[in-house]
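Architecture and fold: a report
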Amino acid sequence: MSWSMNEVEALAKKAARGAGMSWGFAEETGKATRCLLVHGIAVTEPLAELLALQDGMRHSALAPLDIAEVWSAPGGRLCPIAAGTCLSDFAWTLEERAISMGAVAYPVFLIPFAQMAARSLGRAVSLKFDGVEITVSATEIRVPGDDGALLITGCQTIQVSLAPRLSGHPLPQTSRAEIAPETAACLTQFAHRTYAPATEESRLAGAGSGLTDND
Amino acid sequence: MTLAVNPNAIAPRDPRVVMRLSRLGSFHQCRLSFMRVLLRRLKAEAWTFTRPEFEINARGVGHAVYTAHGPDRSYSLVAFAHDLPPEQRSDRVIATAWDATFTLYDGVPSAEDIERLRGNIPKQEAGRVTARELSVSRANRSVRLFDYVVETLAAGQQPDAGRVQDVGYLMRTTAVYGSGKLGAADREETANRPEFQAPFQIEMLSVYLTRAFVLDLVEHIAALRAPDTAVPMAPALRRKFGIGNSTGLGMAPFLMNHPMLLNNWIAAREEALARVRSLGSATPAQQALFARFLARARENAANWRSEHPVQQEAVASLRADLAKLDTHLSSHPLTGDMPWNALWLWAEGALSEEGQEQLLSLMLEPYGDLVDDLGQKTQANEAQCFAIDGAMTVARVRQLTEDVFGWVMSVDWTAPPAQARVWYVSEEKLEPRLGERAEEPIEPYEQPLCPGRDAARMLEDLRDAPDGPIAAFLLRYPQHRHIVRRVQIAERYPYSEIRDNTISATMMPIDLLRAKLAFFGAVHFDPRSDRWLRINMFRDAPFPLDLAHEDADDWTYPLTEEVHQ
């Protein structure tokens, strides 16, 4: 089924919140998912897997403890949203030195944050994992020939640095997303956790009863 | 347009004055309202209108297509009319069937498109549309007027003008979805088209064409029922029908979820006020125009009906304010230096918020040349303001938070009334609702719609935080990410934040609805409780086929007898 980008962003945000992220990170997840889908990278299934993998885990177990030589998570693998937000928050440090990360789950989700860094620095940024180099500018994402390699479930090391130039082929943009029914169902299930169960009381009072609506 | 450098230029009002809920809840439509922006464009660009299909039977069942042809593109309202059993009729979002359902199609639909839409549009949320559709909406008949008008016309009579005045519409829309909802085209797909750059132009066009459809529909049903006796509506009376709308909490979070957009709306309106206040003088023609609009606003206030006690009081203040304004002008004509500023400063001390905000709208009326360009500056590219500036210092974020959310420091957040409410989304209809924190188990589902409380929490943690980049603070306190973003947006967009507690025991959600609906251009706000209300849209506006030979922008206040003459 064909989805609008607003729909997928809203679903991704709610699903991330449902899986335990705070609203600020849920918003980042929605925007990151949208950015990747706009560039034709099919990340809804990886998102569903990522949320399942990290379901209920504390943020502190998934985020860099501090901005050390190599960013790593106390819980083993970094959440790409937690690591990605740090990457865009600390973008200016790329002017001084490259950022190295240890193990990251679904590193494809780092790309939108590298792009945010590129935007704030006005420079191209390179992201390398498992021999794949992605370069991004404020408006473009470029990948080597096989963009299937982007959708790996995890990698052991990541290098982020300023790039002298963009390389690889630019990903064309699209305005619609196709989502497999089972993936949509999974994300919807996470999103469902953000909805309060209806009670008769809330049904009447929550939206305001008041005067007749049929006159 | 930009003003020549004026040493007396008045600055826009302080956000601390403007962004209070009670004031936002006192806004009126003005020249910058989205309906007016739309009709001015349709007129200026000489859009034409056709009705290529109208296949509706005597029971009122069938479909119709209304197409608007612009300089570069055409758009079609596809309307489906239904025979709804009265017991199923509800304006609430929990309804599953409606008297009429609509979509705005990007272009002119084929027969296959119509069939595809027939299978989906009548189902609304349970249906699915494509990128060719720009909106999805529905409407219900007014029980007080619809059948009465059909029967009267069928009998060869005209409906009673008083009854028409009291209700003001034949159908109420109960939701108008755009921006990618239900699979429709995203806003980003159309935002670069000149006709859709201003906000909500798709939705306003859809509603404008819906009004034309509904008037055609009653005349058509009357003619089918009584071909020998039925008459069409008299044109002057026809104009008196707007299209109603029933709006509830679904709309309330919008202003909080779109801070940059909110800023741009308010900033445009405040800039318009500042431009008029800064004028050195008013010509006799401008003074006369203002006086005429004041008379029409008084008639508008006299016609404003509401059964809600808070609104009744507000309308009573408005009527008294406008009378006071009339009296004031007779002793203080607009002939001195900076006459509008003098009038405004008087009003700040003499009128209620309802009256002040009405005066603001009236002061813009004589000055289309000076302010109408601002109507095109109300859109926002929100993607621009999403990224957090991690290099900003903790001290700067603290200072900004205290500037924007200074009011939160005087609230006792531990006292139950300060956090009495919870914004949540119900499982049942996936729509925003408002609950009582102490009485319902809904806190775990709280939506981030209480920026004041969240800012207060962040300020506590900021107090002892070492200075350095805010990125480091966020590493330690990731829960404040959402509010850091808002504070940084507010640095650049000073009207982005409401300076009031949106979860307090006394908060009135209808204030949020009114502000948004006033920007749409709605009139006759009629709250039905503290959390839903009815409005009227396009009442007295020329119909599409009349636009070519009528004033497109002189309809938002009723034409008084004096003006008729």
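Residue positions are given per chain, counted from 1 along the sequence in the order it is written. Each chain gets a letter, beginning with A, and each ligand a number, beginning with 1, in the order they are written. Totals for whole chains, interfaces and linings use every residue, but because this is a predicted model, local features are given only for residues with pLDDT of at least 70 and side-chain atom pairs only at 80 or more, for both listing and counting.

**Details of the overall build of chain B**
The helix count covers DSSP runs of H or I at least four residues long, the strand count covers runs of E at least two residues long, and both are numbered beginning at the N terminus. Looking only at helices and strands, chain B features 22 helices and eleven strands. With C-alpha atoms as the basis for the radius of gyration, the globule rule is written as 2.2 Å multiplied by the number of residues raised to the power 0.38. For 565 residues, the compact-globule estimate of 2.2 N^0.38 gives 24 Å, and the C-alpha radius of gyration of chain B, at 24 Å, lies within 12% of that figure. Overall, chain B is about 85 × 60 × 45 Å in size when its C-alpha atoms are taken along their principal axes. Three classes are used. A residue is buried when 20 or more other C-beta atoms lie within 10 Å of its own, exposed when 12 or fewer do, and partly exposed in between, with C-beta atoms placed from the backbone. By the burial criterion, 50% of the 565 residues in chain B qualify as buried. Residues are treated as contacting if the C-beta atoms built from their backbones sit within 7 Å of each other. In chain B, of all internal contacts separated by at least 6 residues, the share reaching a separation of at least 24 is 76%.

**Structural notes on the overall build of chain A**
Broken down by element type, chain A carries eight helices and twelve strands. For chain A, the spread of C-alpha atoms along the principal axes amounts to about 65 × 35 × 30 Å. Scored against the burial criterion, the 215 residues of chain A give a buried share of 50%. Across chain A, contacts joining residues at least 24 apart in sequence account for 70% of those joining residues at least 6 apart.

**Focus on the interface of chain A and chain B**
Taken together, the contacts link 43 residues of chain A with 50 residues of chain B. Mapped by element, the contributors of at least two residues to the side of chain A that touches chain B are β1 (2–4), α1 (5–18), α2 (23–38), α5 (80–89), α6 (111–121), β12 (195–196) and α8 (200–205) of chain A. No other element matches α2(A), which puts five residues into the side of chain A that touches chain B. The rule for pairing is simple: two strands pair if DSSP sees at least two bridges between them. Of the pairings in the sheet, the one linking β12(A) to strand β8 (residues 421–426) of chain B comprises two bridges and is parallel in character.

**Description of the pairing of strand β10 (residues 523–527) of chain B**
Residue and element names in this part refer to chain B. The element β10 is largely enclosed, with a buried count of five among its five residues. Where β10 lies against strand β11 (residues 533–537), three bridges are found, and the strand directions are antiparallel. Within β11, the position partnered with D526 by the bridge is R534. Taking the residues that link successive antiparallel strands as the turn, the β10-β11 hairpin has five residues.

**Concerning the nonpolar core**
Note on terminology: a nonpolar core is any set of buried Ala, Val, Leu, Ile, Met, Phe, Trp, Tyr and Cys residues joined through C-beta atoms within 7 Å. Grouped together as the largest cluster of nonpolar side chains are 235 residues, with contacts concentrated most on L78(A), A83(A), L87(A), L110(A), A114(A) and V218(B). The biggest single contributor to this core is helix α8 (residues 201–225) of chain B, with 14 residues. Not counting chain neighbours up to four residues away, the residues in contact with L78(A) comprise L62(A), P64(A), W71(A), S72(A), A73(A), A83(A), M101(A), G102(A), A103(A), V104(A) and A105(A).

**With respect to the sheet that holds β8(B)**
Read across the open sheet, the three strands follow the order β12(A)-β8(B)-β9(B); overall the sheet is mixed. Sheet topology places β12 of chain A together with β9 (432–436) of chain B at the edges, where each strand pairs with a single neighbour.

**Thoughts on α1(A)**
All names here are of chain A. With 14 residues, α1 should reach 20 Å at 1.5 Å per residue; the first-to-last C-alpha distance of 20 Å fits that figure. Where burial is concerned, most of α1 is hidden: 13 out of the 14 residues are buried. G20 sits one or two residues past α1 and shows a positive phi near 115°. Expected helix span is given by 1.5 Å per residue-to-residue step, counting one fewer step than there are residues.

**What to know about unusual backbone geometry**
Of all residues except glycine, most have a negative phi; of all peptide bonds, most are trans. Residues and elements named next belong to chain B. In this structure, A46 takes a positive phi of about 55° despite not being glycine. Summarising the element assignment, A46 is placed in the loop between α3 (34–44) and β1 (48–56). Taking the C-beta count within 10 Å as the criterion, A46 has 11 such neighbours and is therefore assigned exposed. Unlike most non-glycine residues, Q124 shows phi in positive territory, near 50°.

**Thoughts on the confidence of the model for chain B**
pLDDT is a residue-level measure of predictor confidence that goes from 0 to 100. Per-residue confidence for chain B gives a mean pLDDT of 94, with 98% of residues at or over 70. Reported for the predicted complex are a pTM of 0.95 and an ipTM of 0.95.

**Some remarks on the sheet that holds strand β3 (residues 74–81) of chain B**
Residue and element names in this part refer to chain B. Strand order in this open sheet of nine strands is β1-β2-β3-β4-β5-β6-β7-β11-β10, and the pairing throughout is mixed. Two strands close off the open sheet at either side, each with one partner strand: β1 and β10. Ignoring which end each strand starts from, the neighbouring axes of this sheet average 25° apart. Comment: axis = line fitted to C-alpha atoms, over the contacting stretch for helices; angle = value between 0 and 180 degrees taken between N-to-C directions.

**Things to note about the packing of α1(A) against helix α7 (residues 181–192) of chain A**
Residues and elements named next belong to chain A. Running from amino to carboxyl end, α1 crosses α7 at an angle of 60°, the nearest separation of the two axes being 6 Å. The angle between α1 and α7 places the two elements in the oblique class. Relative to α7, α1 is oriented so that their crossing is left-handed. For the pair α1 and α7, the contacting residues are L11, A12, K14, A15 and G18 in the first and L187, T188, F190, A191 and H192 in the second. Under the scheme applied here, ten amino acids are nonpolar (Ala, Val, Leu, Ile, Met, Phe, Trp, Tyr, Cys and Pro), four are charged (Asp, Glu, Lys and Arg), and all others, including Gly, are polar. Per-class residue counts for the contact of α1 with α7 are six nonpolar, three polar and one charged. Angle categories are assigned with fixed cut-offs, so that under 35 degrees is roughly parallel, over 145 is roughly antiparallel, 65 to 115 is roughly perpendicular, and the rest are oblique. Crossing handedness: left-handed means the near helix sits turned counterclockwise from the far one by under a right angle, and right-handed means the same turn made clockwise.

**Here's the deal with the environment of I470(B)**
All names here are of chain B. Structurally, I470 can be placed in helix α19 (residues 470–476). Taking C-alpha positions, I470 is 35 Å from E189, a pair spaced 281 residues apart along the chain. For I470, the contacting residues outside a window of four places in its chain are G390, M392, T393, V394, V397 and V484.

**Focus: the environment of R31(B)**
All names here are of chain B. Here R31 is to be found in the loop between α2 (21–24) and α3. Assessed through the 24 C-beta atoms surrounding it within 10 Å, R31 is described here as buried. Once residues lying within four places of it in the same chain are set aside, the contact partners of R31 are R36, L364, E365, G368, V371 and D372.

**Description of the environment of L38(B)**
Residue and element names in this part refer to chain B. Tracing the chain through its elements places L38 in helix α3. The class of L38 is buried, set by 26 C-beta atoms lying within 10 Å. As for L38 and E195, which are separated by 157 residues in sequence, their C-alpha atoms are 7.8 Å apart. Leaving out residues up to four positions away in the same chain, L38 has contacts with Q201, M204, L205 and Y208.

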